[in-house]
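# Descriptive analysis of the structure
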Amino acid sequence: MPDTSAFHRKRRRPALLVSAAAATAALVAGLLSLPAAPRAEAAPAVFAHPGVTVSKGQLDFTRGKVDAGAQPWKGAFDQMMASRYADPNRTAKPRATVECGSYSNPNYGCTDEREDAIAAYTNALAWYLTRDDRYAKKSIELMDAWSAVIKSHTNSNAPLQTGWAGSSWPKAAEIIKHTYTGTWAGSGRFAAMLRDVYLPKVINGSHSNGNWELSMTEAAVGISVFLEDKASYDKAMATFRTRTAAYVYLASDGALPRTVPSQNLDTTAKIVGYWQGQSTFVTGLTQETCRDLTHTGYGISAIAHIAETSRIQGQDLYGTDVGERLRQALGFQSRYQLGETVPSWLCGGSLNLGLGPVTEVGYNALHHRLGIPMTNTQRLTEQNRPAGSNNLFVAWETLTHGENPN
């Protein structure tokens, strides 16, 4: 069963299974009323820095644990420092045009861009935790190399590619700009790159699978924080609230999942098709569960990252439907990733596993900060420690968020 707790007890209903036939009957009878999209949150009056997924308080906590040799943080730190992303001899491979087709085929700079962005973030973390200038300089070197060259992203995967790389760049830049005691002469050019090359590609969202829009929105939110762009932040957060509600199903949504209005999913058949052919809906199911848990993990991770950034910026969404959807999505997916038998009504009785290192941020927020029991998510999280990188846009989250109270 999904993780359970007293959280939102007054709002919870028993687990609800809804068939496509019942949903169709409700539509015909005019009884189905989908709730209005949840309201967006406003940008803070003053942005907090560093403030994209990781705060100064979280970094200080992590640094103290690593310095003390405490686990799991020391092991996670050692894992990060032994990775290729912390290689002091790494050389950036920027391109003016990054071309990414479906599943990165063709792959002209796609892997290089994503991994250089993760490396920039890795070295920024290494700087903060060690205070060794060499890591800060390497992070700056990587960011400067790309900001001097890149002009565009092209081909069918361009929006997703921009979202993935655009999620890592501002995490690195936030730490360097706001904590490094040296100079970063190229910070203005880097900001221009984010504003002119990345933000326009992600700010208007996507009509594709939900993990696309969630990853793109994560990039838009992080970039908006770095640029202190309140209008873009507000727009991205509005997209986030609508898409999250349409990505994770709760019984309280009604007979059918919520939808993104612009997608025109206005019949049961369209919705079932969009949900990978799944016609029975249960709390914690996501729009891509029946595709595979890997892509589902991308969506769940982006939800957690945006919620964490919003909390750092002063508006805590974990107590809203966002937190409830995240909790249920983590619990539902975790139980099957752990090996529970898949019932016949779920995805034809078979799931493609591979959730990835995506549970730490949400688990820490909901379990360690809010005290919510999350048995399945806890077991999977602890089993997978230290969480590494998915080599796309997730990296080192046992290190930064494992049991972190800040």
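For the structure itself, consult the block above.
Residues numbered from 1 in each chain as written. Predicted model: local features only at pLDDT ≥ 70, side-chain atom pairs only at ≥ 80, totals over all residues. Heavy atoms only, no water.

## Remarks on the overall build of the protein
Defined as follows: Each helix is a run of H or I in the DSSP string that is no shorter than four residues. Each strand is a run of E no shorter than two, and both are numbered from the N terminus. Burial here depends on accessible area, computed with a 1.4 Å probe over protein chains only, as a share of the maximum for the residue type. Under 20% is buried, over 50% is exposed, and the range in between is partly exposed. We call two residues in contact when some of their heavy atoms are within 4.5 Å. In this description, accessible areas are obtained by the Shrake-Rupley approach with a 1.4 Å probe, and a residue is regarded as covered only by the protein chains that are shown.
Across its full length, the protein holds 15 helices and five strands. The buried share among the 406 residues of the protein stands at 60%. Of all intrachain contacts in the protein linking residues separated by at least 6 positions in sequence, the fraction that spans at least 24 positions is 78%. When the accessible surface of the protein is totalled, it reaches about 14700 Å², and 50% of it is carbon and sulfur.

## Things to note about the nonpolar core
Condition: Nonpolar core, defined: a set of buried Ala, Val, Leu, Ile, Met, Phe, Trp, Tyr and Cys residues in which side-chain atoms within 4.5 Å join the residues together.
Counting residues in each nonpolar core, the largest one holds 99 residues, and the members touching the most others are Met143, Trp169, Ile176, Phe190, Met193 and Tyr198. By residue number, the principal contributor to this core is helix H4 (residues 110-130), which donates 12 residues. Excluding residues that lie within four positions of it along the chain, Met143 makes contacts with Ala120, Trp169, Ala172, Ala173, Ile176, Trp184 and Phe190. In terms of nonpolar packing, the next biggest core, distinct from the first, is built from 16 residues, Tyr249, Tyr274, Phe332 and Val342 among them.

## With respect to helix H14 (residues 375-383)
Under the convention used in this document: In this description, the arc belongs to the directions extending from the helix axis to the C-beta atoms.
Turning to H14, its buried residues number three or more, namely Asn376, Thr377, Leu380 and Thr381. For H14, the buried positions fall inside an angular range of 125 degrees around the axis, keeping them on one side. In H14, the exposed residues that point more than 90 degrees away from the buried face are Thr375, Arg379 and Gln383. As for H14, its buried residues are in contact with helix H12 (321-337) and helix H13 (360-369).

## Quick word on the environment of Asp116
Our working definition: Polar contacts here mean pairs of N or O atoms no more than 3.5 Å apart (in protein, one a potential hydrogen donor and the other a potential acceptor; neighbouring residues in sequence count only if both atoms are side-chain atoms).
The residue Asp116 is located in helix H4 in this model. A C-alpha to C-alpha distance of 8.8 Å links Asp116 and Trp146, two positions 30 residues apart in sequence. Sequence-distant contacts of Asp116, that is, excluding residues within four places in its chain, are made with Arg90, Thr91, Ala92, Lys93, Leu142, Trp146 and Trp169. A distance of 3.0 Å separates the side chain of Asp116 from the backbone nitrogen of Lys93, its partner in a polar contact.

## Remarks on the sheet that holds strand E3 (residues 97-100)
For the record, the criterion: A strand pair is defined by DSSP finding two or more bridges across the two strands. Lines fitted to the C-alpha atoms define the axes, with helices restricted to the stretch that makes contact. Angles between their N-to-C directions range from 0 to 180 degrees.
Spatially, three strands are ordered E4-E3-E5 in an open sheet, and the strand pairing comes out mixed. Looking at strand neighbours, the two that pair on one side only are strand E4 (107-108) and strand E5 (152-154), the edges of this open sheet. In this structure, E3 lies alongside E5, joined through three bridges in parallel fashion. Residue pairing for E5: Glu99 is matched across the bridge by Thr154. Contacts from H4 reach E3, E4 and E5, with the element oriented near 110 degrees to E3.

## Here's the deal with unusual backbone geometry
Following His49, the chain continues into Pro50 via a peptide bond in cis, with omega recorded as -15 degrees. Within the element layout of this structure, Pro50 appears in the loop between helix H1 (20-29) and strand E1 (51-52). Of note in the backbone geometry, Tyr103 takes a positive phi value of approximately 55 degrees without being a glycine. Tracing the backbone shows Tyr103 in the loop between E3 and E4. The exposure class assigned to Tyr103 is exposed, which follows from its relative accessible area of 63%. One non-glycine residue, Asn391, lies in positive phi territory at about 65 degrees. Secondary-structure assignment places Asn391 in the loop between H14 and helix H15 (397-401). Asn391 sits in the partly exposed class, given a relative accessible area of 27%.

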